[in-house]
Amino acid sequence: MPGRAIPEARFYSLADDGAVRCSLCHHQCLVTPGHVGVCKVRRNEGGRLVLPFYGRASAISIDPIEKKPLYHFMPGSSTFSVGYVGCNLRCPFCQNFGISQSTDALTEAVDPAGLAHAAVRAGCPSIAHTYSEPLVHAEFVVESLMAARSAGLRTVLVTNGCARMEAATEVLSLCDAVNVDVKCWSGSFYRDELGGDLPTVKAFVELAFRLGTHVEATTLVIPGKNDDDGQIDGIAAFLASLSADIPLHLSAYRPMYRYTVAPTPQSTIERMSVVARRHLRYVYPGNLGSQAVQTACHSCGAALVVRRGYGIDLAGLNGDNCAACGAKSPIIVA
Ligand code: SF4
Ligand code: SF4
């Protein structure tokens, strides 16, 4: 960005010898002059933490909201989706590794009001920050969320949930819906294999729930890594301790990036769904091809929403109530 001052970060403090301490996520990187933090997008320039990728989008697309995945939030709608570069984790199975693990991807300049107006022009009722890890761009995301709300849009975040309370509170306070990856229930796998932090993710999910944001969670099930019953039991019991109505998406893994483990069999997802349903009412398989996935009314069992791929049948809903028995559904329609 020649000729333009690079915006200064928030969420950091000064340290010795020109270094700075970033406090945005669990890494709390000590960044020395001329260097970047683990996420690669927050740099120490002359003793200040700056944001060289502020307002740089790596991907803009109009997606079905179900792709995020969000199944209980505005089903059948499209969401204006924006991605960035960089991530504070290093998942060896990352489906977006080209933009999450490198900052070399092509990006275009965007601004918060411009994104909101583009979403409105495209007829999308919501805007989603997604694809790589939006939270490492918290400053820009906060401004974009505010602009989106001013434009009458609903706001969505898709995230690994690895942000500390200060930044997380700012972002989540402006989000209508969030999908958080809860990748496993092993602190050591989170830390050693992914570079993440399970307590931070748990605190993030709890905060989102407490703030009244609509919460859904996703676990990518990887054979031999996180597919034992204890893992999913821990995740589901934790979510249910907040609400048994939090939807959990159990997605089948496919070989990607550094992992060559065989794909997750359907039988594994089915077995883990049984375990998760001991705690949660709404457990959804993902990445299993074209099989129909439905949400049933908890009161009478009628189908409220039926999804075939991204084809969405809402005939079972009357507003946000069950069309058959009139019970309040768990679905946020608008
Ligand atoms: S956001 Fe980036 S620079 Fe800040 S602590 Fe996390 S990884 Fe480090
Ligand atoms: S947290 Fe998400 S974007 Fe980041 S490396 Fe893991 S899978 Fe990729």
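Every chain is numbered on its own, with residues counted from 1 as its sequence reads. All chains are assigned letters beginning with A, and all ligands numbers beginning with 1, in the order in which they are written. Given that the model is predicted, a residue must reach a pLDDT of at least 70 before its local features are reported, and side-chain atom pairs must reach 80 or more before they are shown or counted; all residues, however, enter totals for whole chains, interfaces and linings. Side-chain calculation: all heavy atoms of the structure are included, whereas hydrogens and water are not.

Draft legend 1. Main features of the overall build of the chain. Scanning the chain from N- to C-terminus turns up eight helices and 20 strands. Here the C-alpha coordinates of the chain stretch approximately 65 × 45 × 35 Å along the principal axes. Taken across its 334 residues, the chain has 53% of its residues classed as buried. Throughout, a residue-residue contact means that at least one pair of heavy atoms, one from each residue, lies within 4.5 Å. Sequence-distant contacts, at least 24 apart, represent 66% of the contacts inside the chain between residues at least 6 apart. We get accessible surface area from the Shrake-Rupley algorithm with a probe of 1.4 Å; when it comes to residues, only the shown protein chains can shield them. Carbon and sulfur atoms provide 50% of the accessible area of the chain, an area that totals close to 13,400 Å². Residues scored as charged are limited to Lys and Arg (positive) and Asp and Glu (negative), so that His and the chain ends carry no count. We put the charge of a Lys on NZ, of an Arg on CZ, of an Asp on CG and of a Glu on CD. Side chains of the chain carry 29 positive and 29 negative charges; the gap between the two charge centres is 2 Å. Going along the chain from the N terminus, every DSSP run of H or I of four or more residues is numbered as a helix, and every run of E of two or more is numbered as a strand. Only protein chains enter the calculation, and the probe is 1.4 Å; a residue is then buried if its accessible area is under 20% of its type maximum, exposed if over 50%, and partly exposed in between.

Draft legend 2. A look at the site of ligand 2. To be near a molecule or strand, a residue needs just one of its heavy atoms within 4 Å of it. Close to ligand 2 lie Cys-87, Leu-89, Cys-91, Cys-94, Ser-100, Gln-101, Ser-132, Asn-160 and Lys-183. Residues were grouped as follows: Ala, Val, Leu, Ile, Met, Phe, Trp, Tyr, Cys and Pro as nonpolar; Asp, Glu, Lys and Arg as charged; and all remaining residues, including Gly, as polar. Classifying every residue of the shell around ligand 2 by side-chain character gives four nonpolar, four polar and one charged.

Draft legend 3. Structural context of unusual backbone geometry. For the bond from Lys-68 to Pro-69, the omega torsion is -10 degrees, close enough to zero to count as cis. Assignment of secondary structure puts Pro-69 in the loop between β7 (59-64) and β8 (78-83). A positive phi angle, near 55 degrees, is found at Tyr-257, a position not held by glycine. Within the element layout of this structure, Tyr-257 appears in the loop between β14 (248-252) and α8 (266-276).

Draft legend 4. A look at the site of ligand 1. Taken together, Cys-22, Leu-24, Cys-25, His-27, Gln-28, Cys-29, Gly-37, Val-38, Cys-39, Arg-42 and Asn-88 are the residues near ligand 1. Its residues assigned to classes, the shell around ligand 1 shows six nonpolar, four polar and one charged.

Draft legend 5. Just the side chain of Thr-159, in detail. Of note, Thr-159 is situated in strand β11 (residues 154-159). Under the relative-accessibility criterion, Thr-159 is labelled buried at 2%. Here Glu-133 takes part through its side chain, which lies 2.8 Å from a polar atom of the side chain of Thr-159. With near-sequence residues (within four places) excluded, Thr-159 lies in contact with Glu-133, Leu-135, Val-178, Asn-179, Val-180, Asp-181 and Phe-204. Polar contacts, as counted here, are pairs of nitrogen or oxygen atoms within 3.5 Å of one another; within protein the pair requires one atom able to donate a hydrogen and one able to accept it, and residues that are adjacent in sequence qualify only if both atoms are side-chain atoms.

Draft legend 6. Region of the structure containing helix α6 (residues 198-210). Multiply 1.5 Å by the residue count of a helix minus one, and that product is the helix's expected span. Compared with the 18 Å implied by 1.5 Å per residue over 13 residues, the 18 Å span of α6 between its first and last C-alpha is a close match. Where α6 ends, the next residue or the one after it, Gly-212, has phi of about 85 degrees, a positive value.

Draft legend 7. Representation of the domain arrangement of the chain. With domains assigned, the chain is organised as domain 1 (12-50), domain 2 (56-289) and domain 3 (292-334). Domain delimitation follows an automatic or database domain assignment. Using only C-alpha atoms to locate each centre, domain 2 and domain 3 end up separated by 23 Å. Residue-level contacts link 15 residues of domain 2 with 14 residues of domain 3. Looking only at domain 2, the three residues that lose the most surface to domain 3 are His-72, Pro-75 and Tyr-282, adding up to 33% of its buried area. The salt bridge definition used is simple: a Lys or Arg side-chain nitrogen within 4 Å of an Asp or Glu carboxyl oxygen. Connecting domain 2 to domain 3 are zero salt bridges. Between the two partners, domain 2 and domain 3, sit six residue pairs in polar contact (both at pLDDT 80 or more). In the side of domain 2 that touches domain 3, the residues fall into eight nonpolar, three polar and four charged. What gets called buried area is simply the loss in accessible area from a 1.4 Å probe that two parts show on being joined, summed for both.

Draft legend 8. Region of the structure containing the sheet that holds strand β12 (residues 177-181). Only when DSSP finds a minimum of two bridges between them are two strands counted as paired. The mixed open sheet is built from eight strands, whose spatial order is β7-β8-β10-β11-β12-β13-β14-β15. One side of each edge strand has no neighbouring strand; the edge strands of this open sheet are β7 and β15 (283-286). Across the sheet, the mean angle separating the axes of adjacent strands is 20 degrees when strand polarity is ignored. Where β8 and strand β10 (residues 126-129) come together, four bridges link them in parallel fashion. Bridged to Thr-79 within β10 is Ser-126. Here helix α2 (residues 112-121) sits on the sheet and contacts β7, β8 and β10; the angle it forms with β8, its principal contact strand, is near 150 degrees. Only C-alpha atoms enter the line fits that serve as axes; for helices the fit covers just the stretch in contact. Angles between N-to-C directions range over 0 to 180 degrees.

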